[in-house]
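Take a look at the letters that make up each chain.
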Amino acid sequence: GALKVEQPRFAPGHVLLTLPGAGDALTKLGVLKALPGVLTAEPQLARIQKRRLIPNDTYFSYAGGNPGYQWHLRNTGQSPGVAGVDVNVTSVWDSYLGSGIRMGIVDDGLEVAHPDLSPNTDTLNDHDWNDATPNDPTGNASSDTHGTACAGVAGARGNNGIGVSGSAPMATLVGLRLIAANVSDADEAEALTWKNDIIHLYSNSWGPADDGADLRDAGPLVKAALQNGATVGRGGLGSIWLWAAGNGGSVSDNSNYDGYANSIYTLAIAALNDSGARSAYSEPGANVLICAPSNDTAAGHRGITTTTTNSGYTHTFGGTSSATPLAAGVVALLLESRPQLGWRDVKEILIRSATKISPTHVDWMTNGAGFWFNHEFGAGLINAQAAVNLASTWTNLGPQVTQQQAQTGLSIAIPDGTAGGANVTFTIPGSVLMRVEHATLHTTATHGRRGDLNVRLTSPAGTVSKLFNAHTNDGNLNLDWTFSSVRHWGESASGNWKGN
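Below is a summary of the structure that appears in this document.

Brief notes about the overall build of the protein chain
- What the protein chain contains, in helices and strands, is 8 helices and 19 strands.
- Taking 500 residues into account, the globule formula puts the C-alpha radius of gyration at 23 Å, and the protein chain, at 25 Å, falls close to it.
- Dimensions of the protein chain along its principal axes, counting C-alpha atoms only, are 90 × 55 × 45 Å.
- Taken over 500 residues, the protein chain has a buried fraction of 53%.
- Across the protein chain, contacts joining residues at least 24 apart in sequence account for 72% of those joining residues at least 6 apart.
- Working note: accessible area of the protein chain is about 21200 Å², and carbon and sulfur atoms make up 52% of it.
- Within the protein chain, one finds 30 positive and 41 negative side-chain charges whose respective centroids are separated by 13 Å.

Here's the deal with the packing of aromatic side chains
- In the structure shown here, the tally under the stated rule is 13 aromatic pairs.
- Taken together, a centroid distance of 5.3 Å and an interplanar angle of 85 degrees make the contact between Trp129 and Trp194 edge-to-face. Linking Trp129 in the loop between strand 4 (127-128) and helix 3 (146-155) with Trp194 in the loop between helix 4 (185-192) and strand 6 (201-204), this pair joins segments that are 65 residues apart in sequence.
- A residue is classified by how much of its surface remains accessible, and Trp194, at 16% relative accessible area, is buried.
- Lying across the ring of Trp372, Lys356 places its NZ or CZ 3.2 Å from the centre.

Thoughts on the sheet that holds strand 6
- Read from one edge of the open sheet, 7 strands run 4-5-3-6-7-8-9, paired in parallel fashion. Both outer strands of the open sheet, strand 4 and strand 9 (288-293), are each paired with one neighbouring strand and no more.
- Sheet analysis places strand 7 (residues 240-244) next to strand 8 (residues 266-272), joined by 4 bridges and oriented parallel. Bridge pairing in strand 8 places Trp241 opposite Thr266.

Some points on the sheet that holds strand 17 (residues 464-468)
- Read from one edge to the other, the open sheet built from 4 strands follows the order 14-19-16-17, with strand pairing classed as antiparallel. Since the sheet does not close on itself, it has two edges, and those belong to strand 14 (424-428) and strand 17, each with one partner. Between one strand and the next, the sheet's axes are offset by a mean angle of 20 degrees, whatever the strand orientation.

Focus on the packing of helix 3 against helix 6 (residues 320-337)
- Contact pair helix 3 / helix 6: the axes reach a minimum separation of 7 Å and the direction vectors enclose 40 degrees. Considering only the axes of helix 3 and helix 6, their crossing is right-handed. Across the interface between the two elements, His146, Cys150, Val153 and Ala154 of helix 3 pack against Ser321, Ser322, Pro325, Leu326 and Gly329 of helix 6.
- Per-class residue counts for the contact of helix 3 with helix 6 are 5 nonpolar, 4 polar and no charged.

With respect to a nonpolar patch on the surface
- A cluster of nonpolar side chains, Val5, Val15 and Leu17, forms an exposed patch at the surface whose accessible area comes to about 250 Å².
- Locating Val15 in the fold gives a position in the loop between strand 1 (4-6) and strand 2 (16-18).

With respect to the layout of surface pockets
- Considering only enclosed or pocket space, the second largest pocket measures out at about 730 Å³ in volume.
- Lining of the second largest pocket is provided by 24 residues; of these, Val15, Leu16, Thr40, Ala41 and Glu42 occupy positions nearest its centre.
- Within the residue set of the lining of the second largest pocket, elements represented by two or more residues are strand 2 and helix 2 (29-34).
- Of the residues forming the lining of the second largest pocket, the biggest block, 3 residues, is contributed by strand 2.
- When grouped by side-chain class, the residues that make up the lining of the second largest pocket number 16 nonpolar, 7 polar and 1 charged.

Observations concerning the nonpolar core
- With 88 residues, the main nonpolar core has Met103, Leu201, Ile240, Leu242, Ile290, Val346 and Leu350 as its most contacted residues.
- For this core, the element with the most residues is helix 6, which contributes 10 residues.
- With 22 residues, the next largest nonpolar core counts Leu215, Ile428, Leu467 and Trp497 among its residues.

Describing the environment of Asp126
- Within the secondary structure, Asp126 sits in the loop between strand 3 (102-107) and strand 4.
- Exposure remark for Asp126: the relative accessible area of 1% places this residue in the buried category.
- Not counting the four nearest positions on each side in its chain, Asp126 is found in contact with Val112, Pro134, Asn135, Pro137, Leu173, Val174, Gly175 and Trp194.
- Among the polar contacts made by the side chain of Asp126, one reaches the main-chain amide nitrogen of Gly175 at a distance of 2.7 Å.

Overview of the side chain of Asn256
- With respect to the helices and strands, Asn256 occurs in the loop between strand 7 and strand 8.
- A distance of 3.0 Å separates the side chain of Asn256 from the backbone nitrogen of Ala286, its partner in a polar contact.
- With residues up to four places along the chain from it excluded, the contact list for Asn256 reads Asn262, Pro284, Gly285, Ala286, Asn287, Lys466, Leu467, Trp481, Phe483 and Ser484.

Basis of the calculations
- Residues numbered from 1 in each chain as written.
- Predicted model: local features only at pLDDT ≥ 70, side-chain atom pairs only at ≥ 80, totals over all residues.
- Heavy atoms only, no water.
- Helix = DSSP H or I, 4+ residues; strand = E, 2+ residues; numbered from the N terminus.
- Rg over C-alpha atoms; globule rule 2.2 N^0.38 Å.
- Buried < 20%, exposed > 50% of the residue type's maximum accessible area, 1.4 Å probe, protein only.
- Contact = heavy atoms within 4.5 Å.
- Areas by Shrake-Rupley, 256 points an atom, 1.4 Å probe, with all protein chains shown as cover.
- Lys, Arg positive; Asp, Glu negative; His and termini not counted.
- Charge placed at Lys NZ, Arg CZ, Asp CG, Glu CD.
- Phe/Tyr/Trp six-rings, centres within 6.5 Å; stacked < 30°, edge-to-face > 60°.
- Lys NZ or Arg CZ within 6 Å of the ring centre and 35° of its normal.
- Pairing = 2+ DSSP bridges.
- Axes fitted to C-alpha atoms, helices over the stretch in contact; angles between N-to-C directions.
- Left-handed = near helix turned anticlockwise from the far one by under 90°.
- Nonpolar A, V, L, I, M, F, W, Y, C, P; charged D, E, K, R; others polar.
- Patch = residues over 30% accessible without salt bridge, like charges linked within 9 Å, V, L, I, M, F, W, Y side chains within 5 Å.
- Salt bridge = Lys/Arg side-chain N within 4 Å of Asp/Glu carboxyl O.
- 1 Å grid on protein atoms, 1.4 Å probe; cavity = no way out; pocket = protein on both sides within 12 Å on 5 of 7 lines; lining within 4 Å.
- Points joined across faces, edges and corners; volume = space filled by probe spheres on them.
- Core = buried A, V, L, I, M, F, W, Y, C linked by side-chain atoms within 4.5 Å.
- Polar contact = N/O pair within 3.5 Å; in protein donor to acceptor, adjacent residues only side chain to side chain.

Shown next, in the form of structure tokens:
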């Protein structure tokens, strides 16, 4: 009874039937499916697809022979890159651009007059801790270029016909100039909680020297500020601090050795190159949450194109310094889509939605809760669209609960060169119904050369966190440090935890 029967060339083995009645496509499905040789039948219902916003910014588009420098936002395989190694953000921009979200750029300056940044800058809430102009974060155009580059990666105004787009092209940027000169613990603590009633997240592409020789902690005021900000920031939802995992990978430095990135209150961001491999400088660590695209010191890889001072642009920015504001922009989109997310909800959404990059990498493992983790990539490559999709039906986590176990005065000898090492077991009773998010291990050891030591934490589910790795650069005495790990996220806390 069809008015028209077609066998389309674009889909061999399929038949298109045009039926006379408006509802026949539905009512006759059963008859069609019952015909001999018919595997399935379905109505051709009209649907509206979403547009994929492609900004007209000079260095984003391919117009005029431009190769599309902003591969970290949309990687179609620009030589020598691999298609898909990006933050999967362009489809999100049809719905969310970061509007209404304030990002604090804690750095050496932010050129508020830059034509690609000025539409997004909040000059009423900027601050400068480095000189006598507290309301102007611009700094020295010749030496303080880092923060302006970070700001462009996170929140350069997109689709304005010039320059570049940030990952959150309509977010508001607050310049918090801090690291252009020596500052105190109090200065750092104030900057990290500045206007935390209106600033949603803080991008931090700085930290102690990445020399692979030192363990350098945040000061007591910074530690207190982070804990307090996670409690009262954003109206009690908790401030969000994204932190560069570190650039000392080539000298065996580790993100766990940086007291800022190692804090449970921060989100440590590692870097990968345009081919999806770890950038040579990017530091691994059990604390690394996710990774984001950046440059690589190895030859043949693209840098990051972003804003620079004197109203200019650069094509050679990089480091975990660039990966961090890129991820910060994605978090801004996430918060715009779901403003009520707590700081721990943001972490779990990023873990659950991340892309398992370089899937054959030997370090990938599934923890006891079914989450993939890698010491180099964390949970994987940040995925903006997947994160926003997951957040749309998200139910916030309950209150944070902590459980502590201590064993002191052990006087256990450290075996030299044995695989088993010195072992200490901590038992969390089964009556404690806890789901792990962050695991921390404070270790004190007396040793003549701590760089010879390895420290591991193994959960009851068998998940191993490599917290301290033997490395030749560190010839210091003794070990006294609190390590953190996100690799046990979602596991049950109950059972025997082993430190060795």
